[in-house]
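For reference, the chains in residue letters:
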Amino acid sequence: MRHQSRQENLIYLVVWGLLFATPLLSLYVRTVGDETVAFNWNEVFFVWKKFAIFLLLFLVHNFLLAPLLIYQHKRGVYLSVIAVVLALFAVYQCSDRPEEKMPMEPRPPLMERTEHHQPPFSEPPMRIDERPPHFSEPPRHEMHRDTPPPFVGERNILAIVLLLLMFGANLGVKAYFRSRDDRKKLAELEKQNLEQQLEYLRYQINPHFFMNTLNNIHALVDIDPAKAQETIVELSKMMRFVLYEGDKQMVPLSREFDFIRTYIKLMQLRYTDKVKITVDLPDNVSDKNIPPLLFISFIENAFKHGVSYQHESFIEVKVNVEDNRLHFLCRNSKAEIPNQEKGGVGLANVRKRLRLLYENHYTLSIHDDADRYSVELNIPLS
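With that settled, consider the overall build of the protein. What the protein contains, in helices and strands, is 10 helices and seven strands. Looking at the protein as a whole, 33% of its 382 residues qualify as buried. Sequence-distant contacts in the protein: of pairs separated by 6 or more residues, those separated by 24 or more amount to 73%. Surface exposure of the protein reaches about 25300 Å², of which carbon and sulfur atoms provide 59%.

Here it is, written out as C-alpha coordinates:
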(Lines give C-alpha, C1' and ligand atoms only; values in the text may rest on other atoms or scores of the structure.)
Protein backbone atom coordinates (compact mmCIF):
# COMPACT_ATOMS: atom_id res chain seq x y z
CA MET A 1 0.00 0.00 0.00
CA ARG A 2 1.38 3.36 -1.03
CA HIS A 3 1.55 6.22 1.39
CA GLN A 4 -1.25 8.75 1.01
CA SER A 5 -0.46 12.43 0.95
CA ARG A 6 -1.61 14.73 3.69
CA GLN A 7 -3.86 16.61 1.28
CA GLU A 8 -5.70 13.41 0.36
CA ASN A 9 -6.21 12.41 3.98
CA LEU A 10 -7.39 15.92 4.80
CA ILE A 11 -10.03 15.75 2.05
CA TYR A 12 -11.40 12.48 3.40
CA LEU A 13 -11.38 13.76 6.99
CA VAL A 14 -13.29 16.93 6.09
CA VAL A 15 -15.92 15.10 4.00
CA TRP A 16 -16.64 12.42 6.59
CA GLY A 17 -16.59 14.96 9.40
CA LEU A 18 -19.27 16.98 7.62
CA LEU A 19 -21.36 13.87 6.98
CA PHE A 20 -21.35 12.80 10.64
CA ALA A 21 -22.06 16.36 11.77
CA THR A 22 -25.11 16.68 9.49
CA PRO A 23 -27.65 14.80 11.69
CA LEU A 24 -26.54 16.75 14.75
CA LEU A 25 -26.97 20.07 12.98
CA SER A 26 -30.30 19.04 11.46
CA LEU A 27 -31.74 17.97 14.81
CA TYR A 28 -30.39 21.09 16.50
CA VAL A 29 -32.05 23.35 13.91
CA ARG A 30 -35.38 21.54 14.35
CA THR A 31 -35.29 21.83 18.15
CA VAL A 32 -34.50 25.53 17.94
CA GLY A 33 -37.26 26.18 15.41
CA ASP A 34 -39.94 24.06 17.10
CA GLU A 35 -40.22 23.92 20.89
CA THR A 36 -42.32 20.74 20.72
CA VAL A 37 -39.39 18.79 19.21
CA ALA A 38 -37.00 17.30 21.75
CA PHE A 39 -33.33 16.57 21.10
CA ASN A 40 -33.30 12.80 20.75
CA TRP A 41 -29.88 11.17 20.64
CA ASN A 42 -31.40 7.90 19.49
CA GLU A 43 -32.31 9.56 16.21
CA VAL A 44 -28.69 10.75 15.77
CA PHE A 45 -27.28 7.33 16.65
CA PHE A 46 -29.60 5.71 14.14
CA VAL A 47 -28.21 7.88 11.32
CA TRP A 48 -24.65 7.39 12.53
CA LYS A 49 -25.16 3.65 12.41
CA LYS A 50 -26.06 3.88 8.73
CA PHE A 51 -23.07 6.17 8.04
CA ALA A 52 -20.74 3.79 9.90
CA ILE A 53 -21.46 1.02 7.35
CA PHE A 54 -20.52 3.37 4.50
CA LEU A 55 -17.42 4.52 6.37
CA LEU A 56 -16.26 0.95 6.91
CA LEU A 57 -16.71 0.14 3.22
CA PHE A 58 -14.92 3.35 2.28
CA LEU A 59 -11.90 2.42 4.39
CA VAL A 60 -11.77 -1.03 2.82
CA HIS A 61 -12.01 0.47 -0.66
CA ASN A 62 -9.53 3.27 0.01
CA PHE A 63 -6.75 1.18 1.53
CA LEU A 64 -7.27 -2.25 -0.07
CA LEU A 65 -9.32 -2.09 -3.27
CA ALA A 66 -8.55 1.28 -4.89
CA PRO A 67 -4.75 0.67 -4.90
CA LEU A 68 -5.38 -2.48 -6.96
CA LEU A 69 -6.69 -0.31 -9.80
CA ILE A 70 -4.82 2.98 -9.37
CA TYR A 71 -1.33 1.73 -8.49
CA GLN A 72 -1.18 -1.95 -9.47
CA HIS A 73 -3.46 -1.75 -12.56
CA LYS A 74 -5.22 -5.03 -11.70
CA ARG A 75 -8.50 -4.12 -13.31
CA GLY A 76 -9.97 -7.62 -13.39
CA VAL A 77 -9.25 -8.31 -9.72
CA TYR A 78 -10.65 -4.92 -8.73
CA LEU A 79 -13.91 -5.36 -10.65
CA SER A 80 -14.39 -8.90 -9.28
CA VAL A 81 -13.90 -7.83 -5.68
CA ILE A 82 -16.14 -4.78 -6.15
CA ALA A 83 -18.91 -7.02 -7.52
CA VAL A 84 -18.67 -9.25 -4.45
CA VAL A 85 -18.73 -6.23 -2.11
CA LEU A 86 -21.80 -4.80 -3.84
CA ALA A 87 -23.60 -8.14 -3.66
CA LEU A 88 -22.89 -8.51 0.06
CA PHE A 89 -23.96 -4.94 0.68
CA ALA A 90 -27.21 -5.48 -1.24
CA VAL A 91 -27.98 -8.60 0.83
CA TYR A 92 -27.27 -6.67 4.04
CA GLN A 93 -29.48 -3.76 2.99
CA CYS A 94 -32.37 -5.98 2.03
CA SER A 95 -32.17 -8.07 5.21
CA ASP A 96 -32.00 -4.95 7.38
CA ARG A 97 -35.61 -3.91 6.63
CA PRO A 98 -37.68 -2.15 9.29
CA GLU A 99 -40.17 -4.31 11.22
CA GLU A 100 -43.50 -4.66 9.47
CA LYS A 101 -46.64 -3.39 11.20
CA MET A 102 -49.12 -5.89 12.53
CA PRO A 103 -52.13 -6.41 10.21
CA MET A 104 -55.26 -4.55 11.22
CA GLU A 105 -58.17 -6.42 12.77
CA PRO A 106 -60.77 -7.39 10.15
CA ARG A 107 -63.56 -4.93 9.99
CA PRO A 108 -67.03 -6.23 11.04
CA PRO A 109 -69.54 -7.01 8.36
CA LEU A 110 -71.43 -4.15 6.94
CA MET A 111 -74.71 -5.24 8.59
CA GLU A 112 -73.12 -5.45 12.03
CA ARG A 113 -71.49 -2.03 11.69
CA THR A 114 -74.70 -0.40 10.62
CA GLU A 115 -76.74 -2.06 13.37
CA HIS A 116 -74.45 -1.37 16.32
CA HIS A 117 -72.97 1.94 15.21
CA GLN A 118 -75.89 3.72 13.68
CA PRO A 119 -75.49 7.44 14.20
CA PRO A 120 -78.45 9.39 15.54
CA PHE A 121 -80.92 10.92 13.15
CA SER A 122 -79.70 8.70 10.34
CA GLU A 123 -81.77 6.69 7.99
CA PRO A 124 -82.31 3.01 8.88
CA PRO A 125 -79.94 0.63 7.26
CA MET A 126 -80.85 -0.70 3.93
CA ARG A 127 -81.91 -4.32 3.96
CA ILE A 128 -80.28 -6.74 1.67
CA ASP A 129 -83.40 -7.18 -0.39
CA GLU A 130 -83.65 -3.38 -0.75
CA ARG A 131 -80.11 -2.86 -2.18
CA PRO A 132 -79.91 -1.82 -5.81
CA PRO A 133 -79.51 -4.66 -8.24
CA HIS A 134 -76.05 -3.44 -9.31
CA PHE A 135 -74.73 -3.33 -5.74
CA SER A 136 -72.40 -6.11 -4.67
CA GLU A 137 -70.13 -6.28 -1.66
CA PRO A 138 -66.47 -6.79 -2.60
CA PRO A 139 -64.94 -10.12 -1.69
CA ARG A 140 -63.46 -10.32 1.76
CA HIS A 141 -59.96 -11.35 0.43
CA GLU A 142 -59.75 -8.25 -1.82
CA MET A 143 -60.58 -5.83 0.97
CA HIS A 144 -57.94 -7.08 3.40
CA ARG A 145 -55.16 -8.41 1.14
CA ASP A 146 -51.85 -8.71 3.07
CA THR A 147 -49.05 -8.35 0.43
CA PRO A 148 -45.44 -8.69 1.74
CA PRO A 149 -43.04 -5.82 0.92
CA PRO A 150 -40.70 -6.35 -2.05
CA PHE A 151 -37.23 -7.80 -1.37
CA VAL A 152 -35.47 -4.76 -2.96
CA GLY A 153 -37.02 -1.38 -2.40
CA GLU A 154 -36.20 2.18 -3.38
CA ARG A 155 -34.23 2.64 -0.17
CA ASN A 156 -31.97 -0.32 -1.03
CA ILE A 157 -31.40 0.82 -4.61
CA LEU A 158 -30.54 4.32 -3.41
CA ALA A 159 -28.02 2.94 -0.90
CA ILE A 160 -26.28 0.87 -3.60
CA VAL A 161 -26.12 3.88 -5.93
CA LEU A 162 -24.64 6.01 -3.14
CA LEU A 163 -22.04 3.31 -2.47
CA LEU A 164 -21.05 3.27 -6.15
CA LEU A 165 -20.76 7.05 -6.18
CA MET A 166 -18.60 6.92 -3.06
CA PHE A 167 -16.26 4.38 -4.66
CA GLY A 168 -16.10 6.47 -7.83
CA ALA A 169 -15.28 9.64 -5.89
CA ASN A 170 -12.56 7.78 -3.98
CA LEU A 171 -11.05 6.56 -7.28
CA GLY A 172 -11.21 10.08 -8.70
CA VAL A 173 -9.37 11.60 -5.75
CA LYS A 174 -6.72 8.88 -5.80
CA ALA A 175 -6.26 9.19 -9.57
CA TYR A 176 -5.80 12.97 -9.22
CA PHE A 177 -3.11 12.66 -6.56
CA ARG A 178 -1.44 9.81 -8.49
CA SER A 179 -1.36 12.02 -11.59
CA ARG A 180 0.01 14.92 -9.56
CA ASP A 181 2.77 12.75 -8.10
CA ASP A 182 3.64 11.41 -11.55
CA ARG A 183 3.90 14.96 -12.90
CA LYS A 184 6.24 15.90 -10.06
CA LYS A 185 8.43 12.86 -10.69
CA LEU A 186 8.47 13.54 -14.43
CA ALA A 187 9.45 17.16 -13.84
CA GLU A 188 12.22 16.04 -11.49
CA LEU A 189 13.51 13.52 -14.04
CA GLU A 190 13.42 16.13 -16.79
CA LYS A 191 15.31 18.53 -14.55
CA GLN A 192 17.96 15.92 -13.80
CA ASN A 193 18.22 15.05 -17.48
CA LEU A 194 18.55 18.73 -18.35
CA GLU A 195 21.34 19.20 -15.81
CA GLN A 196 23.17 16.13 -17.13
CA GLN A 197 22.90 17.30 -20.73
CA LEU A 198 24.11 20.79 -19.84
CA GLU A 199 26.98 19.31 -17.87
CA TYR A 200 27.92 17.17 -20.86
CA LEU A 201 27.86 20.20 -23.15
CA ARG A 202 30.04 22.20 -20.76
CA TYR A 203 32.56 19.36 -20.65
CA GLN A 204 32.62 19.44 -24.45
CA ILE A 205 33.18 23.19 -24.57
CA ASN A 206 36.02 23.37 -22.07
CA PRO A 207 38.52 20.95 -23.74
CA HIS A 208 37.78 22.44 -27.15
CA PHE A 209 38.37 25.95 -25.90
CA PHE A 210 41.67 25.10 -24.22
CA MET A 211 42.86 23.21 -27.29
CA ASN A 212 42.52 26.37 -29.40
CA THR A 213 44.17 28.48 -26.72
CA LEU A 214 47.16 26.14 -26.43
CA ASN A 215 47.53 26.23 -30.21
CA ASN A 216 47.78 30.00 -29.98
CA ILE A 217 50.46 29.80 -27.29
CA HIS A 218 52.38 27.26 -29.34
CA ALA A 219 52.38 29.61 -32.32
CA LEU A 220 53.55 32.56 -30.20
CA VAL A 221 56.45 30.71 -28.60
CA ASP A 222 58.46 30.83 -31.84
CA ILE A 223 57.21 34.22 -33.03
CA ASP A 224 57.36 36.31 -29.85
CA PRO A 225 58.35 34.62 -26.55
CA ALA A 226 57.41 37.74 -24.56
CA LYS A 227 53.89 37.64 -25.92
CA ALA A 228 53.78 33.92 -25.22
CA GLN A 229 54.50 34.61 -21.55
CA GLU A 230 51.79 37.26 -21.48
CA THR A 231 49.44 34.78 -23.09
CA ILE A 232 50.13 32.22 -20.37
CA VAL A 233 49.16 34.81 -17.74
CA GLU A 234 45.92 35.55 -19.54
CA LEU A 235 45.28 31.83 -19.94
CA SER A 236 45.63 31.32 -16.18
CA LYS A 237 42.89 33.91 -15.64
CA MET A 238 40.59 32.08 -18.01
CA MET A 239 41.39 28.71 -16.43
CA ARG A 240 40.49 30.13 -13.04
CA PHE A 241 37.11 31.21 -14.40
CA VAL A 242 36.48 27.86 -16.07
CA LEU A 243 37.51 25.84 -13.00
CA TYR A 244 35.58 27.83 -10.40
CA GLU A 245 32.68 29.26 -12.42
CA GLY A 246 32.24 26.97 -15.41
CA ASP A 247 30.47 24.20 -13.47
CA LYS A 248 27.85 26.53 -11.99
CA GLN A 249 24.38 26.88 -13.41
CA MET A 250 24.54 30.68 -13.40
CA VAL A 251 27.35 33.22 -13.08
CA PRO A 252 27.32 37.03 -12.83
CA LEU A 253 27.14 38.62 -16.25
CA SER A 254 30.09 40.86 -15.38
CA ARG A 255 32.29 37.78 -14.82
CA GLU A 256 31.25 36.34 -18.16
CA PHE A 257 32.15 39.64 -19.86
CA ASP A 258 35.56 39.66 -18.17
CA PHE A 259 36.16 36.18 -19.51
CA ILE A 260 35.25 37.30 -23.06
CA ARG A 261 37.54 40.33 -22.83
CA THR A 262 40.43 38.17 -21.65
CA TYR A 263 39.89 35.66 -24.43
CA ILE A 264 39.75 38.34 -27.14
CA LYS A 265 42.83 40.02 -25.70
CA LEU A 266 44.67 36.71 -25.86
CA MET A 267 43.58 36.16 -29.47
CA GLN A 268 44.67 39.67 -30.48
CA LEU A 269 48.26 38.80 -29.56
CA ARG A 270 48.29 36.35 -32.45
CA TYR A 271 47.17 38.70 -35.25
CA THR A 272 48.49 41.83 -36.92
CA ASP A 273 46.79 45.16 -37.39
CA LYS A 274 45.11 43.84 -40.53
CA VAL A 275 42.52 42.24 -38.27
CA LYS A 276 40.19 44.88 -36.81
CA ILE A 277 38.60 43.66 -33.61
CA THR A 278 35.80 45.66 -31.98
CA VAL A 279 34.41 44.75 -28.55
CA ASP A 280 31.46 46.59 -26.99
CA LEU A 281 30.36 45.10 -23.68
CA PRO A 282 28.34 46.97 -21.02
CA ASP A 283 30.00 47.62 -17.66
CA ASN A 284 27.11 48.07 -15.19
CA VAL A 285 25.48 44.62 -15.15
CA SER A 286 26.51 43.35 -11.73
CA ASP A 287 23.00 42.23 -10.72
CA LYS A 288 22.36 40.04 -13.79
CA ASN A 289 23.17 36.34 -14.15
CA ILE A 290 23.77 34.10 -17.15
CA PRO A 291 24.84 30.50 -17.83
CA PRO A 292 28.65 30.35 -18.11
CA LEU A 293 30.52 30.03 -21.42
CA LEU A 294 27.40 30.76 -23.44
CA PHE A 295 28.95 33.02 -26.10
CA ILE A 296 32.46 31.60 -26.39
CA SER A 297 31.57 29.17 -29.22
CA PHE A 298 30.32 32.01 -31.43
CA ILE A 299 33.45 34.08 -30.77
CA GLU A 300 35.72 31.09 -31.38
CA ASN A 301 34.08 30.45 -34.74
CA ALA A 302 34.52 34.11 -35.65
CA PHE A 303 38.29 33.89 -35.07
CA LYS A 304 38.56 30.49 -36.72
CA HIS A 305 36.66 31.27 -39.92
CA GLY A 306 36.72 35.05 -40.19
CA VAL A 307 40.40 35.98 -40.00
CA SER A 308 42.57 36.27 -43.10
CA TYR A 309 46.34 36.69 -42.92
CA GLN A 310 46.55 38.11 -46.47
CA HIS A 311 43.65 40.58 -46.49
CA GLU A 312 42.04 42.95 -44.06
CA SER A 313 39.34 41.33 -41.95
CA PHE A 314 37.22 42.25 -38.99
CA ILE A 315 35.50 40.78 -35.95
CA GLU A 316 32.79 42.65 -34.06
CA VAL A 317 31.36 41.57 -30.70
CA LYS A 318 28.58 43.67 -29.20
CA VAL A 319 26.22 43.10 -26.27
CA ASN A 320 23.23 45.21 -25.27
CA VAL A 321 21.21 44.68 -22.05
CA GLU A 322 17.73 46.17 -21.84
CA ASP A 323 14.49 45.25 -20.04
CA ASN A 324 15.94 42.07 -18.52
CA ARG A 325 16.91 40.76 -21.93
CA LEU A 326 20.32 40.45 -23.51
CA HIS A 327 21.04 40.96 -27.19
CA PHE A 328 24.32 39.44 -28.39
CA LEU A 329 25.80 40.24 -31.81
CA CYS A 330 28.91 38.65 -33.31
CA ARG A 331 29.80 39.64 -36.85
CA ASN A 332 32.94 38.73 -38.79
CA SER A 333 34.35 38.78 -42.30
CA LYS A 334 34.75 35.54 -44.23
CA ALA A 335 38.17 34.32 -45.29
CA GLU A 336 38.69 33.51 -48.94
CA ILE A 337 40.01 30.07 -47.98
CA PRO A 338 37.84 28.66 -45.19
CA ASN A 339 39.53 27.07 -42.22
CA GLN A 340 39.33 23.29 -42.59
CA GLU A 341 40.15 22.56 -38.94
CA LYS A 342 38.21 19.61 -37.60
CA GLY A 343 36.71 19.11 -34.17
CA GLY A 344 34.83 21.39 -31.83
CA VAL A 345 31.33 21.37 -30.50
CA GLY A 346 29.77 23.27 -33.41
CA LEU A 347 26.60 25.28 -33.61
CA ALA A 348 24.42 22.18 -33.27
CA ASN A 349 25.41 21.70 -29.64
CA VAL A 350 25.10 25.44 -29.00
CA ARG A 351 21.53 25.34 -30.29
CA LYS A 352 20.79 22.32 -28.16
CA ARG A 353 22.13 24.03 -25.05
CA LEU A 354 20.06 27.15 -25.72
CA ARG A 355 16.95 25.03 -26.22
CA LEU A 356 17.51 23.21 -22.94
CA LEU A 357 18.18 26.42 -21.05
CA TYR A 358 15.52 28.73 -22.46
CA GLU A 359 13.03 26.49 -24.32
CA ASN A 360 11.03 28.91 -26.53
CA HIS A 361 12.11 32.09 -24.75
CA TYR A 362 15.12 32.87 -26.95
CA THR A 363 15.80 33.81 -30.58
CA LEU A 364 18.91 32.86 -32.55
CA SER A 365 19.47 34.30 -36.03
CA ILE A 366 22.46 33.29 -38.19
CA HIS A 367 23.17 35.07 -41.48
CA ASP A 368 25.75 33.55 -43.80
CA ASP A 369 26.34 36.08 -46.57
CA ALA A 370 28.95 36.08 -49.30
CA ASP A 371 31.45 38.33 -47.50
CA ARG A 372 30.37 38.22 -43.87
CA TYR A 373 28.93 35.99 -41.20
CA SER A 374 26.76 37.23 -38.32
CA VAL A 375 25.09 35.72 -35.28
CA GLU A 376 22.35 37.43 -33.26
CA LEU A 377 21.12 35.98 -29.99
CA ASN A 378 18.38 37.34 -27.73
CA ILE A 379 17.85 35.70 -24.33
CA PRO A 380 16.11 36.58 -21.03
CA LEU A 381 18.20 37.43 -17.97
CA SER A 382 17.62 36.24 -14.42
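With glycine set apart, most residues show a phi of negative sign, and most peptide bonds adopt trans. Within the chain, L293 stands out as a residue other than glycine whose phi angle is a positive 55°. Topologically, L293 is positioned in the loop between β3 (289-290) and α9 (296-306). Even without glycine at this site, N324 takes up a positive phi of about 60°. Inspection of the secondary structure assignment puts N324 in the loop between β4 (313-322) and β5 (325-333). On the basis of relative accessible area, N324 is assigned to the partly exposed category, the value being 44%.

For the rest of this paragraph, the subject is the environment of L27. When you line up the elements, L27 lands in helix α1 (residues 6-33). According to the relative accessible area criterion, L27 is buried, its value standing at 1%. Expressed as a C-alpha distance, the spacing of L27 and W41, which sit 14 residues apart in the sequence, is 9.1 Å. When neighbours within four sequence positions are excluded, L27 is seen to be in contact with A38, F39, N40, E43 and V44.

Below, the discussion takes up the sheet that holds β4. Pairing in this open sheet of five strands is mixed, and the strands run β2-β4-β5-β7-β6 from one edge to the other. Of all strands in the sheet, those with a lone pairing partner are β2 (275-280) and β6 (363-368), marking the two edges. On average, each strand axis in the sheet is inclined to that of its neighbour by 5°, with strand direction left out of account. Here β4 runs beside β5; their pairing, made up of eight bridges, is antiparallel. Directly across from I315, in β5, lies its bridge partner N332. Across the sheet, α9 touches β2, β4, β5, β6 and β7 (372-380), and the angle it forms with β5 is around 10°.

Here the focus is the packing of aromatic side chains. Per the stated rule, a full pass over the model turns up 14 aromatic pairs. Each ring, one from F20 and one from F51, has its centre 5.7 Å from the other, and the planes form 75°; the classification is edge-to-face. Linking F20 in helix α1 with F51 in helix α2 (residues 41-70), this pair joins segments that are 31 residues apart in sequence. Ring geometry for F54 and F89: centres 5.5 Å apart, planes at 70°, overall edge-to-face. Of this pair, F54 sits in helix α2 while F89 sits in helix α3 (residues 75-95), placing them 35 residues apart in sequence.

Attention shifts here to the packing of α2 against α3. One can describe the packing of α2 onto α3 by two numbers: an axis separation of 9 Å at closest approach and a directional angle of 165°. One way to sum up the angle between α2 and α3 is to call them roughly antiparallel. With respect to the hand of their crossing, α2 and α3 are arranged in right-handed fashion. Across from I53, F54, L57, H61, L65, A66, L68 and L69 in α2, the residues of α3 making contact are R75, V77, Y78, V81, I82, V85, F89 and Y92. Tallied by class, residues from the contact of α2 with α3 come to 14 nonpolar, one polar and one charged.

A few words now on the pattern of salt bridges. If you walk through the whole model with that rule in mind, you get 10 salt bridges. For D258, the salt bridge identified is with R261, shortest N-O distance 3.1 Å. Here D258 pairs with R261, and both are found in helix α8 (residues 253-268), just three residues apart, close to one helical turn. With a relative accessible area of 39%, D258 lands in the partly exposed category.

Cut-offs applied
- Residues numbered from 1 in each chain as written.
- Predicted model: local features only at pLDDT ≥ 70, side-chain atom pairs only at ≥ 80, totals over all residues.
- Heavy atoms only, no water.
- Helix = DSSP H or I, 4+ residues; strand = E, 2+ residues; numbered from the N terminus.
- Buried < 20%, exposed > 50% of the residue type's maximum accessible area, 1.4 Å probe, protein only.
- Contact = heavy atoms within 4.5 Å.
- Areas by Shrake-Rupley, 256 points an atom, 1.4 Å probe, with all protein chains shown as cover.
- Pairing = 2+ DSSP bridges.
- Axes fitted to C-alpha atoms, helices over the stretch in contact; angles between N-to-C directions.
- Phe/Tyr/Trp six-rings, centres within 6.5 Å; stacked < 30°, edge-to-face > 60°.
- Parallel < 35°, antiparallel > 145°, perpendicular 65-115°, else oblique.
- Left-handed = near helix turned anticlockwise from the far one by under 90°.
- Nonpolar A, V, L, I, M, F, W, Y, C, P; charged D, E, K, R; others polar.
- Salt bridge = Lys/Arg side-chain N within 4 Å of Asp/Glu carboxyl O.

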